[in-house]
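# A structural walkthrough
If you want the building blocks of each chain, they are given just below.
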Amino acid sequence: MKLIKSLIVIFLIYFSFSCDQGISPLPVQPEVSGFEGTITFVSPWPDSITRTHLVIFKNPLLQPSDFVLTNIKFISNEIPFGVQSYRFSSLDTALIPSLPGPFEPGDYAYVAVAHQTTEEISLARKDWFVSGIYYTNNDTTKPGILKIQENKVTRNVNITVDFNKLPTQPPGG
Amino acid sequence: MIRLITILITFYSLQFYSQSYEISGRVTDMEFNPIPGVNIIILNTSYGDATDEKGNYHLKNISPGNYELEFSAIGFAKKKIKTSITNKSVKLNVILFPEPIKTDEVIVTAGKYEQKKSELPVSTEILYGSTLTERNFRNLEYAMRTIPGVVMTEDQISIRGSSGYSRGAGARALVTIDGLPFYTGDTGEIVWEMIPTTEIQRVEIIKGAASSLYGSSAIGGVVNAITRNISKFPRTMINAFYGFYDKPYYNEWDWSGEMRPFNGITLSHSNTFGDFGFNLSLTRLEDLSYRKDDFSKKYIGFLKLEYKVSQSSDISFLVNTFNKKGGSFLYWKDSRNALINSELVTTDRIETNRYLIGMNYKNLLSEKSILFIKGSYYRNNFADNGIPANTSTSHLYRLETQLTSSLNERIVLTSGAEVIPSKVKSSLFGNPDAISAGLYSVADINFDIPLIISVGLRYDYGKLDSLESSGSLSPKVGINYKLYDNLIIRSSIGTGFRNPSLAEAFTSTTTSGLTVKPNPKIKPERNITVEFGTNYSYQSLFEIDLAVFQNEYYEMIEASVDPLDGKIFFDNLLRARIQGFEASVSVNLIPGVLKAYSGYVYLNSKDIEQNKFLKYRPKHSFTGGMEFRNWHLGLGLYFRYQSRVDEIDNELIDLGIVRDGNLRVPVYQTDVNLSYDLVALNLPITLYFNINNLFNYNYVELVGNLRPIRNFSFGFNLIL
């Protein structure tokens, strides 16, 4: 009888804990300005590629002098060689900016995937090839504008890369 | 005077015979399989009988009156039933339930030949097939959670803390079906859902390294599923169920606005024609799931053919097929959308086709020697809807020969050799080949004391494609000492090893926000296990089993993030120590009617270089249950507790891949089972009703993966 009483006490303790509902939804956190998307690689990677990055320019690349560090607002970490898709977000660690955080709201004129074939990393325009461009509204005739709003993440910033069919290269290449 | 007495005796005897009746019926197990050899006695009389092969019994020449019948059989709980005879014969069909306490009577094949459980030097648990059916465990994975010392992190098994979670790449327990290893050639994972649970007679779980007999993968233990014996009579089973998930506790999780249903049906038939017999079953399972993108439709086929070649030899073939089309839920969007797939998940549909074909040949070479030849082929194929699609096809072949001999009255020697080549063609892992081979020998030496010493040694060779080949020597020593008939002491020390799976060595992919890179330098991991245990039972009323254990892991393979490039890879990262204590108790509170059981495990699992807890290992876990069976009614209450795990995949949270992934709580799961058999109406049907997660408690085993919310199911099991 003592055993049964002990079991009942254990069950009651157990049940009282079980009646707590466990995990519950956290309150909504305010979003920060930023972007996220996916790069899809639809062709095999050429062996000659030494590094690949996502790059975002504030102003359009109309002339070679627009390809300057002051115009570059984001350079992702290196995209792993050979991957078929790559997910990115402005909250990822990146080469530029050096610390992840809210991305400055505004319009960004040129968002692209760019690769190099040189052994050493180079900032010279001639050493970079654009392998994919972000387009909007299904218009592939001109680069899409990335719009970043205050306290909002711009999603689906998706880019397709076909190494066999590179897009129109910006001036200076 | 003597003449008068003689006349009276004759008169009463004639009257007795003219008014005598019979009590007859059939004795079966819970699934209406006949139990031959059941002793039936009418208490306080000299009447008695035993059941025949079909489970039938007849007690004749019973005069009217009130009687109590006792039914007893080896391996089953005794049952007493009261009945009265007035003016007609009585038909009394009876169901007997397995008796788990009398360990001396339980036969296991964990040592690759039939032994009594009580004579093993290692901790072993038995799970009966009838439990799988009754509690509607249509995936063996769910049932494994009820075993003390076993922790499941989603579909990955951890026996006494052997494993964390590596998304299906490799397993630290070997699962076999009728002794045939059951892991895929590419990922080395266990596909639990492929095992046809309605065809399982029992599952034996060996805790601790068993590589000395089973080789790679058995580093943490072995799960040995034994399929049903083929019926000697035509036997058809129809099992069906329908169920639904309750609404989620929080309204914001209610993504569908409806109670999501699930259902399943199994048809199986078994028969014997002369020297030939078969078990055949087909199962269809459909689950619309409580989570979005997590639905599934599965078809499981199973065929077991047995042919008695001669008086001393037989051969059996086993075919297990599995087709699944379904969603692919990886992790939640966030805690407010806990039942919706993350938008980072790029592939949300998957189709798999798997086939296992096996052969078991057994030849009694002499009174003292049995030869076994086992072969199998396991084809595994899956494809998802990624752009481009990820596909993988693997072929795993296996051939083993084993000789078990009684060298003399004291020594049983089991020796064998096996070879396992595999081939993979995959967009994820490339096209690697692998081959492994092993030689083993285990001697069980019986002394009069009574003491059994088990000594074993196995050598394994492994070569994974371009990786350097490796050799592993796995010795093991165990003792089993029966201090008294009901008090057993056991102890063992053994080593284990595991070759990395092809997936761990060669995966190269980016999916759903994760990039995995290959590691061509990965090496096998190794461990040493020490266990000391004792078992005490008092008649069939009470049993307690205690064990302390320590596992030392060397070069343990874990998934990690390379800080240089943020990519995930598998490497020999850890020097780990897992220590623990295990206690399980079974009590027959009212023999044959009410029983209770529980198991507690304490685990201290440490990465001893970094002095951190190992991932996904709860420090405390507790399982328990109470079962009542009487008047054709069964009522079970089951519960499971696990303390909150200390360490998880923090990288997935830090990288922003699993939002709110840090949310985790202790596990409290309570299930209820209600069953009712219609044997009293001469109908071979059992009806059952299950409530899982009675309190709708929300918990995760893996980051961002809420376990099933409260669900209800009802079904039946009909045997013709």
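For every chain, the first residue of the written sequence is number 1, and numbering continues from 1 along that sequence. Chains carry letters and ligands carry numbers; both start at the beginning, A for chains and 1 for ligands, and go up in the order they are written. Residues qualify for local features only when their pLDDT is at least 70, as the model is predicted, and side-chain atom pairs are given and counted only at 80 or more; totals for whole chains, interfaces and linings, by contrast, use all residues.

So, about the overall build of chain B. Strands here mean DSSP runs of E at least two residues long; helices mean DSSP runs of H or I at least four residues long; both are numbered from the N terminus. In terms of regular secondary structure, chain B is built from six helices and 46 strands. A compact globule built from 720 residues would reach a C-alpha radius of gyration of about 27 Å, and chain B, at 27 Å, matches this within 12%. The burial tally for chain B puts 48% of its 720 residues in the buried class. Any two residues are considered in contact once their C-beta atoms, placed from the backbone, lie within 7 Å. Pairs at least 24 apart in sequence give 62% of the contacts found in chain B among residues at least 6 apart. Only C-alpha atoms enter the radius of gyration; for comparison, a globular chain is expected to reach 2.2 Å times N to the power 0.38, where N is the number of residues. With C-beta atoms placed from the backbone, a residue counts as buried when 20 or more other C-beta atoms lie within 10 Å of its own, as exposed when 12 or fewer do, and as partly exposed for counts between those limits.

This paragraph deals with the overall build of chain A. A tally of regular secondary structure across chain A gives one helix and eleven strands. Secondary structure elements of chain A occur, N-terminal to C-terminal, as α-β-β-β-β-β-β-β-β-β-β-β. Overall size of chain A, expressed as C-alpha extent along the three principal axes, is 90 × 40 × 30 Å. For chain A, with 173 residues in total, the buried portion stands at 29%. Considering only contacts within chain A whose residues lie at least 6 apart along the sequence, 70% involve residues at least 24 apart.

The omega angle of the peptide bond from Ile96(A) to Pro97(A) is -5°, so this bond is cis rather than trans. Looking at where Pro97(A) falls in the secondary structure, it is placed in the loop between strand E5 (94-96) and strand E6 (106-108). Notably, Trp631(B) is not glycine yet its phi reads approximately 50°, a positive angle. Structurally, the position occupied by Trp631(B) is in the loop between strand E40 (620-630) and strand E41 (633-642).

What follows concerns the confidence of the model for chain B. When pLDDT is averaged along chain B, the result is 86; 93% of the residues meet or exceed 70. Residue-level confidence of the predictor is summarised by pLDDT, bounded by 0 at the bottom and 100 at the top. Across residues 10-17 of chain B the pLDDT falls below 50, and counting only partners more than four positions away or on other chains, this stretch makes one contact in the model.

Before going further, it helps to examine the sheet that holds strand E2 (residues 51-57) of chain A. All names here are of chain A. DSSP bridges decide pairing: two strands pair if at least two such bridges lie between them. Spatial strand order, E5-E3-E2-E7-E8: five strands in an open sheet with antiparallel pairing. Where the open sheet ends on each side, the last strands, each with one partner, are E5 and strand E8 (128-133). Pairwise comparison of adjacent strand axes, ignoring direction, gives a mean angle of 30° for this sheet. By the bridge criterion, seven bridges tie E2 to strand E7 (residues 110-116) in an arrangement that is antiparallel. By the bridge assignment for E7, Phe57 is matched with Tyr110. The axes are straight lines fitted to the C-alpha atoms, using for helices just the contacting stretch, and the angles between their N-to-C directions are given from 0 to 180°.

One frequent convention defines the size of an interface as the accessible area lost when the parts assemble. Residue and element names in this part refer to chain B. An automatic or database domain assignment supplies the residue ranges for each domain. Partitioning chain B into structural domains gives domain 1 (2-95) and domain 2 (103-719). Of note, the centres of domain 1 and domain 2, computed from C-alpha atoms alone, are 44 Å apart. Counting from both sides, the interface comprises 13 residues of domain 1 and, opposite them, 16 residues of domain 2. Gly is put with the polar residues, along with every residue not named as nonpolar or charged; the nonpolar set is Ala, Val, Leu, Ile, Met, Phe, Trp, Tyr, Cys and Pro, and the charged set is Asp, Glu, Lys and Arg. Of the residues contributing to the side of domain 1 that touches domain 2, the split by class is five nonpolar, two polar and six charged.

Residues and elements named next belong to chain B. As judged from the 14 bridges shared by strand E21 (residues 296-310) and strand E22 (residues 313-327), these two strands associate in the antiparallel manner. When the sheet's bridge partners are listed, Lys304 is paired in E22 with Leu318. Connecting E21 to the next strand, E22, in antiparallel fashion are two residues. Pairing of E22 with strand E25 (residues 349-366) involves 15 bridges; the strand directions are antiparallel. Paired with Asp314 across the two strands is Lys362, which belongs to E25.

The next subject is the sheet that holds strand E5 (residues 65-72) of chain B. Residues and elements named next belong to chain B. Strand order in the open sheet formed by four strands is E3-E2-E5-E6, and the pairing between neighbours is antiparallel. The sheet terminates laterally at strand E3 (48-50) and strand E6 (79-85), the two strands that pair on one side only. With direction set aside, neighbouring strand axes in the sheet form an average angle of 20°. Two strands pair when backbone bridges link them, and strand E2 (residues 39-42) and E3 are joined in this way by three bridges, in the antiparallel orientation.

So, about the environment of Gln29(A). Residues and elements named next belong to chain A. One can find Gln29 in the loop between helix H1 (2-18) and strand E1 (34-41). Gln29 sits in the exposed class, given 10 other C-beta atoms within 10 Å. Considered as a pair, Gln29 and Pro60 are 31 residues apart in the sequence and their alpha carbons are 34 Å apart.

Moving on, we get to the pairing of E2(A). All names here are of chain A. For E2, the tally of buried residues reaches six of seven residues, placing the bulk of the element in the interior. With three bridges connecting them, E2 and strand E3 (residues 72-76) associate as antiparallel partners. Within E3, the position partnered with Ile56 by the bridge is Phe74.

It is worth spelling out the environment of Glu104(A) at this point. All names here are of chain A. Mapped onto the fold, Glu104 is located in the loop between E5 and E6. Overall, the presence of 14 C-beta atoms within 10 Å leaves Glu104 in the partly exposed class. Sequence separation between Glu104 and Gln149 is 45 residues, and the spatial gap between their C-alpha atoms is 8.5 Å.

It is worth spelling out the nonpolar core at this point. Residue and element names in this part refer to chain B. Any nonpolar core is a set of buried residues, restricted to Ala, Val, Leu, Ile, Met, Phe, Trp, Tyr and Cys, that join up through C-beta atoms within 7 Å. Counting 51 residues, the largest nonpolar core has Val150, Ile157, Ala173, Ile190 and Val222 as the members making the most contacts within it. The greatest single-element share of this core, amounting to four residues, is contributed by strand E16 (residues 200-207). In this structure, Ile157 is in contact with Met144, Val150, Met152, Ser163, Ala171, Ala173 and Ile190, ignoring residues within four places of it in sequence.

Take the environment of Asp348(B) next. All names here are of chain B. Counting through the fold element by element, Asp348 comes out in the loop between strand E24 (337-341) and E25. Take Asp348: there are 19 C-beta atoms within 10 Å of it, and that puts it in the partly exposed class. Spatially, the C-alpha atom of Asp348 lies 27 Å from that of Pro432, the residues being 84 residues apart in sequence. Not counting chain neighbours up to four residues away, the residues in contact with Asp348 comprise Asp293, Gly327, Ser328, Asn341 and Asn385.

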